[in-house]
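A closer look at the structure
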Amino acid sequence: METVYINTEYIKLDQLLKFTQIAEDGADAKFIIKQGIIFMGENVILERGKKIYPGDIITIRTEDEEIDIQVLKE
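Description of the structure in this document. Please read all numbers here as calculations on a predicted model, not as lab measurements. (Residues numbered from 1 in each chain as written. Predicted model: local features only at pLDDT ≥ 70, side-chain atom pairs only at ≥ 80, totals over all residues. Heavy atoms only, no water.)

1. Structural notes on the environment of I11
With respect to the helices and strands, I11 occurs in strand β2 (residues 11–12). Taking the C-alpha atoms as reference points, I11 and I67, separated by 56 residues in sequence, lie 18 Å from one another. Residues contacting I11, with those up to four places away along its chain left out, are I6, L16, K50, K51 and I52. (Helix = DSSP H or I, 4+ residues; strand = E, 2+ residues; numbered from the N terminus. Contact = heavy atoms within 4.5 Å.)

This is how it looks when you write it as structure tokens:
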């Protein structure tokens, strides 16, 4: 599990993808999100601006791998 530390109240999903270098830019983040492969629990996240708060865990599931990202307060 990858851990990301933020010093703000929340981070938006597209910003998180760029920060973790999963997405190169905003267009890439939008493409990844629209694929329906990002989950919070069992819920698919399709909103670029979804607020991710400290304590949240995001899972990216592809055919080849599963990546868990936990957001924590700095």
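2. Overview of the pattern of salt bridges
Within the structure shown, the criterion is met by 3 salt bridges. Between E66 and R61 there is a salt bridge; the shortest N-O distance is 3.3 Å. (Salt bridge = Lys/Arg side-chain N within 4 Å of Asp/Glu carboxyl O.)

3. Brief notes about the environment of I33
Within the fold, I33 resides in helix α2 (residues 26–34). Separated by 18 residues in sequence, I33 and K51 place their C-alpha atoms 14 Å apart. With near-sequence residues (within four places) excluded, I33 lies in contact with L13, D14, L17, I38, I45, L46, E47 and R48.

4. Quick notes on the sheet that holds strand β1 (residues 2–6)
The mixed open sheet is built from 5 strands, whose spatial order is β1-β7-β6-β3-β4. Every other strand in the sheet has two partners, leaving β1 and β4 (43–44) as the edge strands with one partner each. Of the strand pairs in this sheet, β1 and strand β7 (residues 66–73) are connected by 5 bridges, and their pairing is parallel. Looking at the pairing, I6 lines up with K73 of β7. (Pairing = 2+ DSSP bridges.)

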